[in-house]
Amino acid sequence: MNPVIQWISELIRYPSWPGVLQSTFWIVGVTVALILCVAFTTLWERKVIGWMQLRKGPNRVGSVFGLVPGIFQPFADVIKLLIKEVVIPAEANKVLFRIAPMITLIPAFAIWAVIPLDPNLVIADVNAGLLYVLALTSVGVYGVILAGWASNSKYAFLGAMRSAAQIVAYEIAMGFALVGVIMAAGSLNLGDIVRGQQGGFLAWNWFWLFPLFLVYFISGVAETNRAPFDVAEGESEIVAGFHVEYSGIGFALFFLAEYANMLLISALTSIFFFGGWLSPLDGFVEPTDIPAAISSIPWVGWIPGWFVGDGFHWLFGKLFFFLFCFLWFRATFPRYRYDQIMRLGWKILIPITIVWIAVEGVMVYFKVGPWAVAS
């Protein structure tokens, strides 16, 4: 286990903290960490796209001993959004107008309750965790629809309908892709899904479920309304999409939800297809032999044994890579037309998942690949 997580776990268990307090500690800790990650992801995105376009990106608001210029830009953005006036249209449904951003944001944070961060760390070890994930990811679309409808604006409502249709189309593809994961793991528990991929890099689900992995990640990009699928706020005739009437903290919540969903999709992709917190060396080097194996290799003998073993740092590294892909796509691909997005979701991705589920069923029946076990 990562020594930092192990130390924190031992700290909150002493002196015999009640289970409710321990869960509350981790809930607060994970929530604060997510908020900070979302804030700095906005800065990272602007920096990455700047580097790809031969620019510097934000570099004026603060630095740390002259390093990382612009490090305080996210905090400046938060202060600006907090002090801006919140304008609610006179004919809007004021209750739903206020609730919609929260409906979009809360599920993106609540799902982290069942995500295994470490071999011994999950806030709620729910046996039906995958169903919990599917249920909450489906709730976000209601916030989008309510935001457009409650604004009492034709432009906002048109943007909401486009976003909702896009989200529903790609949620179906994501759901079918996860059927393949369930068939491979034989469990709805996210921890069991991770442990079922033990055996090293080639034992992870991506190898046998590669088409489903591609469908899931592409659908995740589309469901978060990120480029090149961001037609909801990219079409000139609908101005800024479903949140065109929002300002100040209301707009900030939608902005926060988008980046929180990017983190969530990256984490879920890592868990379902890339072994979560499992080390890629798992199965190649025995855990008891890791320190000796490392010390015998020139130039890397200083690496601690826990770093090569399973732990949160591997989940973080995989999440970091997939999050970078979100930013990479935005800087690389042109925006699709709406009809192209719908065609991709309904006529390409969904049929691919159905075909591969059938292929996987054949592999299960004939015990091929990971199912090649003694009956």
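Here's a quick rundown of the structure. (Residues numbered from 1 in each chain as written. Predicted model: local features only at pLDDT ≥ 70, side-chain atom pairs only at ≥ 80, totals over all residues. Heavy atoms only, no water.)

As for unusual backbone geometry
Consideration 1: Note that the residue after Ala227, namely Pro228, is joined by a cis bond; omega there is 5 degrees.
Consideration 2: When you line up the elements, Pro228 lands in the loop between helix 9 (210-223) and helix 10 (248-273).
Consideration 3: A positive phi angle, close to 60 degrees, is found at Asn225, a residue other than glycine.
Consideration 4: Positionally, Asn225 belongs in the loop between helix 9 and helix 10.
Consideration 5: On the basis of relative accessible area, Asn225 is assigned to the buried category, the value being 8%. (Helix = DSSP H or I, 4+ residues; strand = E, 2+ residues; numbered from the N terminus. Buried < 20%, exposed > 50% of the residue type's maximum accessible area, 1.4 Å probe, protein only.)

Digging into the nonpolar core
Consideration 1: Among the nonpolar cores identified, the biggest contains 67 residues, and Trp112, Ile115, Phe272 and Phe273 are the most heavily contacted of them.
Consideration 2: Ranked by the residues each element gives to this core, the list is headed by helix 10, at 12 residues.
Consideration 3: Other than its neighbours up to four places away in sequence, Phe273 contacts Val181, Gln197, Trp204, Asn205, Trp206, Leu209, Leu212, Phe213 and Tyr216. (Core = buried A, V, L, I, M, F, W, Y, C linked by side-chain atoms within 4.5 Å. Contact = heavy atoms within 4.5 Å.)

Concerning the pattern of salt bridges
Consideration 1: The final tally for this structure, using the stated rule, is eight salt bridges.
Consideration 2: Of the charged contacts, one joins Asp230 and Arg335 as a salt bridge, the two residues approaching to 2.9 Å between their closest N and O atoms. Note that Asp230 is positioned in the loop between helix 9 and helix 10 and Arg335 in the loop between helix 13 (312-332) and helix 14 (338-365), a separation of 105 residues in sequence.
Consideration 3: Residue Arg337 is joined to Asp339 by a salt bridge in which the shortest nitrogen-to-oxygen separation is 2.9 Å.
Consideration 4: Because the salt bridges share partners, they merge into one network encompassing Glu45, Arg226, Glu258 and Arg330. (Salt bridge = Lys/Arg side-chain N within 4 Å of Asp/Glu carboxyl O.)

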